Amino acid sequence: MSTSEPPPPPSAPSTGTRPAPTAPTAPTEHTGTGHTGEDGPFGWLRALGPRGRRAFAGAFGGYALDSYDYFTLPLSMVALTAHFGLDSGQTGLFTTVTLVVSAVGGAAAGVLADRVGRVRALMVTVITYAVFTVACGFAPTYETLLVFRALQGLGFGGEWAVGAILVAEYAGARHRGRTLGAVQSSWAVGWALAAGVYTLVFSLADDDLAWRVMFWTGALPALLVVWLRRGVHDASTATAARERDPRWGSFAAVFRPGRDGVPGLLRTTVFASLLSTGVQGGYYTLATWVPTYLKSERGLSVVGTGGYLAFLISGAFLGYLTGGRLTDRLGRRNNIWLFALLSAVCVVAYANIPHGADTLLLVLGFPLGFCMSAIFSGFGSYLSELYPTAVRGTGQGFTYNTGRAVGAVFPTLVGYLADSWGVGGALVFGAIGYGLAALALLGLPETRGKELA
């Protein structure tokens, strides 16, 4: 994309009279045209403009706290297993139920975002996952906890898709990949916060109380909602475009096949759902079972597990930022292809490190976190660009969260396979997901450089 300014219009011939004063031009919400001020490491942030930066902060905070609430379960899994006397299949079911229900919540949040606006839908999702995360801490039985965790998934499913769309509609095509990659990096921030609180809480309290305290801290997102109500607004150009299109918030539109030379969205929806399934199947396998693997098969202490996770999480944070930049440079498809391959290789290598090689386990955690996160960086921009404004929430909410629901089968399979293969051996199953993601890209177009309304 050219970085030069468009030439000024030619001057009108002089008529000897004073020209009528012109009304001042309203500032744009984003530029995305390559001004000098948009260059440099933080040019993407300046390009958003004041309102866009507030939207970015809201989406970043919401996704970080979404991540924090999600990881309270995997980090507490060993304590929950002992407290309720669970087997591997039952513990894997926690994740599966959360992710399956999140598909319903995500699809509903996408439609809501198209019908009532991005910010309002974002607040609904944040309140939902906060309330039910806290409720998990009061669960008296395994069955009650399973129900509360499922309801937490309703909010968890919708937050990312709605927040990503909100920011995508402020970002110009030049920086959209790295901007959404920065939003995605907040997942690592929330993960790190959860790991830090886990280390502190489980070091100070008995396991039977500590897991409850972890869930109670999930009330933090409620503070974000107050700020969202006061300072964040939808992009006005996208709102206007959405309201002009009669299809807004329509599931029928995202499943309509092409006919009479008019392209439909059915093909896009099918292949985008497969892409999301593959990437998230691999990711949630690792996110759910690596803490248990480190503790049960590697014999690491609570503090030791936190140290190993620090390498994994720091790799994830840098992976999100790097992947965001690469998705702008290489294109959306090439970035996903590259990191699908690298993630699969890392999973196999990580699960087959021989016992006693704990230093190698530590070192390999960094590239594992880097690759499995960098593949996500292009998702926010790619899915936003695949759908028109009127059904962007519906399309992105459905495809991303369908991937979560179907990909949720992977952690459960690992749970059942762990009894015979061991957790380390079963983790290799996650590599299959990345292969599916690479194949799904064959049915999707490249969208780099596409402007959104």
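Structure: see above.
Every value quoted in this text rests on a predicted model; they were computed, and no experiment measured them. (Residues numbered from 1 in each chain as written. Predicted model: local features only at pLDDT ≥ 70, side-chain atom pairs only at ≥ 80, totals over all residues. Heavy atoms only, no water.)

Trainee: Help me out: how do you make sense of the overall build of the protein chain in this one?
Mentor: Counting its secondary structure elements, the protein chain contains 18 helices and 0 strands. A total of 453 residues make up the protein chain; the buried ones form 58% of that total. Look at the contacts in the protein chain between residues 6 or more apart in sequence, and 83% of them connect residues 24 or more apart. (Helix = DSSP H or I, 4+ residues; strand = E, 2+ residues; numbered from the N terminus. Buried < 20%, exposed > 50% of the residue type's maximum accessible area, 1.4 Å probe, protein only. Contact = heavy atoms within 4.5 Å.)

Trainee: Explain the pattern of salt bridges here, please?
Mentor: Here the idea is simple: oppositely charged side chains can pair when their charged atoms come close. In total, this model carries 8 salt bridges according to the counting rule given. Across the pair Asp 328 and Arg 178 runs a salt bridge whose closest N-O atoms are separated by 3.0 Å. Highlighted residues: Asp 328 in helix α12 (residues 302–329) and Arg 178 in helix α6 (residues 176–204), separated in sequence by 150 residues. According to the relative accessible area criterion, Asp 328 is buried, its value standing at 11%. Among the residues examined, Arg 178 registers a relative accessible area of 15% and is labelled buried. Overlapping salt bridges bring together Arg 176, Arg 178, Asp 328, Arg 332, Glu 385 and Glu 451 as one network. (Salt bridge = Lys/Arg side-chain N within 4 Å of Asp/Glu carboxyl O.)

Trainee: It is not clear to me how the packing of aromatic side chains should be interpreted in this structure. Could you clarify?
Mentor: Counted by the stated rule, this structure contains 23 aromatic pairs. Clustering of aromatic rings is evident, with ring pairs tying together Tyr 63, Tyr 70, Phe 71, Phe 156, Trp 160, Trp 187, Trp 191, Tyr 283, Phe 376, Phe 379 and Tyr 400. Taking NZ or CZ as reference, Arg 404 lies 3.9 Å from the ring centre of Phe 156, over its face. (Phe/Tyr/Trp six-rings, centres within 6.5 Å; stacked < 30°, edge-to-face > 60°. Lys NZ or Arg CZ within 6 Å of the ring centre and 35° of its normal.)

Trainee: Looking at this structure, how should I read the side chain of Ser 102?
Mentor: Looking at the element boundaries, Ser 102 is found in helix α3 (residues 88–116). Look past the residues within four positions of Ser 102 in its chain and what remains in contact with it is Gly 153, Phe 156, Gly 157, Asn 401 and Arg 404.

Trainee: Would you mind going over the packing of helix α13 (residues 332–351) against helix α15 (residues 379–386) with me for this structure?
Mentor: A pair of packed helices is characterised by two quantities: the angle between their axes and the separation of those axes. Look at α13 against α15: their axes get within 10 Å of each other, and the N-to-C directions meet at 140°. In terms of orientation, α13 and α15 fall into the oblique class. In terms of crossing hand, the pair formed by α13 and α15 is left-handed. Contacts between α13 and α15 involve Arg 332, Arg 333 and Ile 336 from the first element and Phe 379, Ser 381, Tyr 382 and Glu 385 from the second. Tallied by class, residues from the contact of α13 with α15 come to 3 nonpolar, 1 polar and 3 charged. (Axes fitted to C-alpha atoms, helices over the stretch in contact; angles between N-to-C directions. Parallel < 35°, antiparallel > 145°, perpendicular 65-115°, else oblique. Left-handed = near helix turned anticlockwise from the far one by under 90°. Nonpolar A, V, L, I, M, F, W, Y, C, P; charged D, E, K, R; others polar.)

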